[in-house]
Each structure stands twice: as structure tokens, then as C-alpha cells.
Amino acid sequence: MTDAYVAIEGGRVVEARSRAPGTTRGELVFTTAYTGYEESLTDPSYEEQILTFSYPLIGNYGVREERFESDRVHPRGVVARELTEDVAEWLESEGVPAVDHLDTRELVTGIRDEGAMKCGIAAGPDATEEDALAELEQCKHMSDHTEIGAQVSVGEPEVFNEDGDGETVALIDCGAKGSIIDSLVERDATVHVLPYDATEDDVAAVDPDLLFISNGPGDPENFEQTKTLVDSYAGETPMAGICLGQQVVASALGGSTEKMEFGHRGVNQPVRDLRTDRVVMTTQNHGYTVAEPGEKLEVTQINVNDDTPEGLENDDLEIITRQYHPEANPGPNDSKGFFDDVLAMAED
Ligand SMILES: NC(=O)CC[C@H](N)C(=O)O
């Protein structure tokens, strides 16, 4: 039964089945992960995107809040071959349109061949092709979402594990996944979560042992104040970054970033550490990358598939960043040692 339409950049419209009604638009991206749909759907990095699952059955082990990475669903829409009732009901209750019964393999290979695409969706009994095309028409390029930090960051500072015996971390929340906070708290760090546009004074008030720039959605160049903060604290306070965090740190310290064709999107991305020659499997969902690391940062890890920078470091300035997600969720735990490394760096 066709009661949903997916309009793709260029004007092609694909027929589908509505599982959660509504109209929506966003950048069409995918994940190849077999599991971890609750974690991905609550990851703030997917803000302003439509998430397509390439694995055909999504929802087969239910929906449990304990696996959420934030308090809401972030993708603007969801596309799958088959969504279970559990997931469909959850998305409907969150007001996030969802569709299934379409050829997701064809969609994903299309993104891989032609690059990231804009998308419009119309789902529900009254949906028309024209509605989906009208959404597509209004869809902005990801880099034009200049206020995306404000959409996902905390409004006011929050503290976790206030009486912890470990290091004090200022986590700049550009759309942080809960597992980053959990990974730090598990190691007894006290974590002060600060808004993405925190000032130098806001950070000084926390007097952190480590300044940590989180993951987050959109174009890293739209995080101007976060870049200013990185620039003023580099060399003063040890620093760590994950995903958007790595991009912001590189851009702030004289490097540059660029949009990738379709990004790294799955839980089996191989990363080689150039210092140890070891390869780890990592989880990733990003569409931008560091193009030039700049003179202050050394590329210490690369993606085995395309040689893009996966780790940047400066031993003297005490900076370690990763393009992938050491906190996992979803994905392999191989690189969790990152949190031990950055806290050890903060300690001495
Ligand atoms: N997971 C992330 O932090 C994504 C970073 C950035 N928004 C990108 O797409 O490259």
C-alpha cells in the first residue's frame, strides 16, 4: 500500500508505506549497522538528517530507554525496509515521520554513488507526491543550518558526579551523546556539561583538568564560539575531541575541514594507528572531515578505506582527538581506551 512518498534531490519520488505520519525534510544519510537503532535514533549528530537503515529489519529487540543517547529522537525522518511496530509507535509518539516498504539498498547505493542528497518525505493517508516534493524544495544544505548548535546543546550547565575523586572535565556540548558523559563518569571524572557557545569565563569558572569538545550535528564551521574557546585554551589546558570535536579543534588551530561525498556511516570502519601500526574497528557517522590538520596537529590515525584523518595529536600541547566514536553505542568497544588516555593526559 502506497501512502508515503520520498522525494530525492534531482526530483525522483520513491513510493513507500507510512509508519509514522507527517511531512519532513533533511539530508538523506544512512547507517549500515545491524543493531543500535535506539542509540542512532537518539544521537544528536543526526539533527536535520533523514536516517536510512540499510539493514532490512529494524526494531527486532524492542525499544528501551536505557539505550537512549539523549532524551529525544534527532533525525527528522526515518527510512527502513521494515520497521517493527515498537519502533513505528515510538517514532509516531515522538512526531518523527517514518516510512518503510521501499528499496533501501537502491537508496543507499545511490547516496554512495552520487553523494549526500537532500530529501523530502510525506507520509500518512492524505500524503501526496507533491507534498514530498514541496518538502524537498525547502530542504537546506547541511552547512546552511547555522544555528544547529543551539538546537541540540544544553541551555544551562549541568554537573555529573560532582563529588568524584577523578579529574574535572569541561565537556562542551555541541550535541553530546550520553555515552561520552557515562564513559568519563565511569572513570570517576566530574563532568561539567557546558553549552556549545560557552565563553572563556564559563570554562574558567569550572577550572577543568581537561577541555573536551563533543560530537555534534552539521558543519563544524558553524561552531564559531567553540573554535574561539579551543584557540584560547590550546596549550593552557589538556584537550580532547570526538567527531565534530576533532573537526572543530583542527579548524580552530589552523587546519581546515570539508564536506565528504557521503561520509563514514557504520560500525565497521577500520582505523590504523600510525604509531603502533594496529588497526581497530570503529563506529562512525559523519559527513564532514578534517581536510588539513594544520601545523600544530599530527595525524596519528587514518581510515584504512580512504586515508582520511581519524586521530590528531600534539604531545606538547596535550591534545588528542578522534574522528570516530570511542564511546561506542552503537558499535564496537575496541577504542574505549581513549577515555583512559585523555584522563591520564589530564592528570599529569
Ligand atoms: N557524529 C558527529 O559528531 C558528526 C560530526 C559532523 N556533524 C559531521 O557530519 O561530520
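Structure's up top.
Residues numbered from 1 in each chain as written. Predicted model: local features only at pLDDT ≥ 70, side-chain atom pairs only at ≥ 80, totals over all residues. Heavy atoms only, no water.

Engineer: Before we go on, may I ask you to explain the site of the ligand in this structure?
Structural biologist: Taken together, the neighbourhood of the ligand is formed by 13 residues, with G216, G218, C243, G287 and Y288 sitting nearest. S45 places a polar side-chain atom, nitrogen or oxygen, 3.0 Å from a nitrogen atom of the ligand. At a separation of 2.7 Å, a nitrogen atom of the ligand approaches a polar backbone atom of G218. Calculation on the ligand without its partners gives an accessible area of 300 Å², and the protein chains cover 98% of this total. When the residues that make up the shell around the ligand are grouped by side-chain class, the tally is 4 nonpolar, 9 polar and no charged. (Near = heavy atom within 4 Å. Polar contact = N/O pair within 3.5 Å; in protein donor to acceptor, adjacent residues only side chain to side chain. Areas by Shrake-Rupley, 256 points an atom, 1.4 Å probe, with all protein chains shown as cover. Nonpolar A, V, L, I, M, F, W, Y, C, P; charged D, E, K, R; others polar.)

Engineer: I keep staring at a negative patch on the surface and nothing clicks. Help me out?
Structural biologist: The grouping of D197, E200, D201, D202 and D231 at the surface amounts to a negative patch. Inspection of the secondary structure assignment puts D202 in helix α7 (residues 200-206). (Patch = residues over 30% accessible without salt bridge, like charges linked within 9 Å, V, L, I, M, F, W, Y side chains within 5 Å. Salt bridge = Lys/Arg side-chain N within 4 Å of Asp/Glu carboxyl O. Lys, Arg positive; Asp, Glu negative; His and termini not counted. Charge placed at Lys NZ, Arg CZ, Asp CG, Glu CD. Helix = DSSP H or I, 4+ residues; strand = E, 2+ residues; numbered from the N terminus.)

Engineer: Can you walk me through the pairing of strand β9 (residues 117-123) in this structure?
Structural biologist: Within a regular strand, side chains alternate between the sheet's two faces. Within β9, 6 of the 7 residues are buried, leaving the element largely enclosed by the surrounding structure. Across 5 bridges, strand β1 (residues 4-8) lies against β9 in antiparallel orientation. The partner of V6 across the bridge, within β9, is I121. Bridge count for strand β3 (residues 22-31) against β9 is 7 bridges, and the pairing is antiparallel. By the bridge assignment, E27 is partnered in β9 with K118. (Buried < 20%, exposed > 50% of the residue type's maximum accessible area, 1.4 Å probe, protein only. Pairing = 2+ DSSP bridges.)

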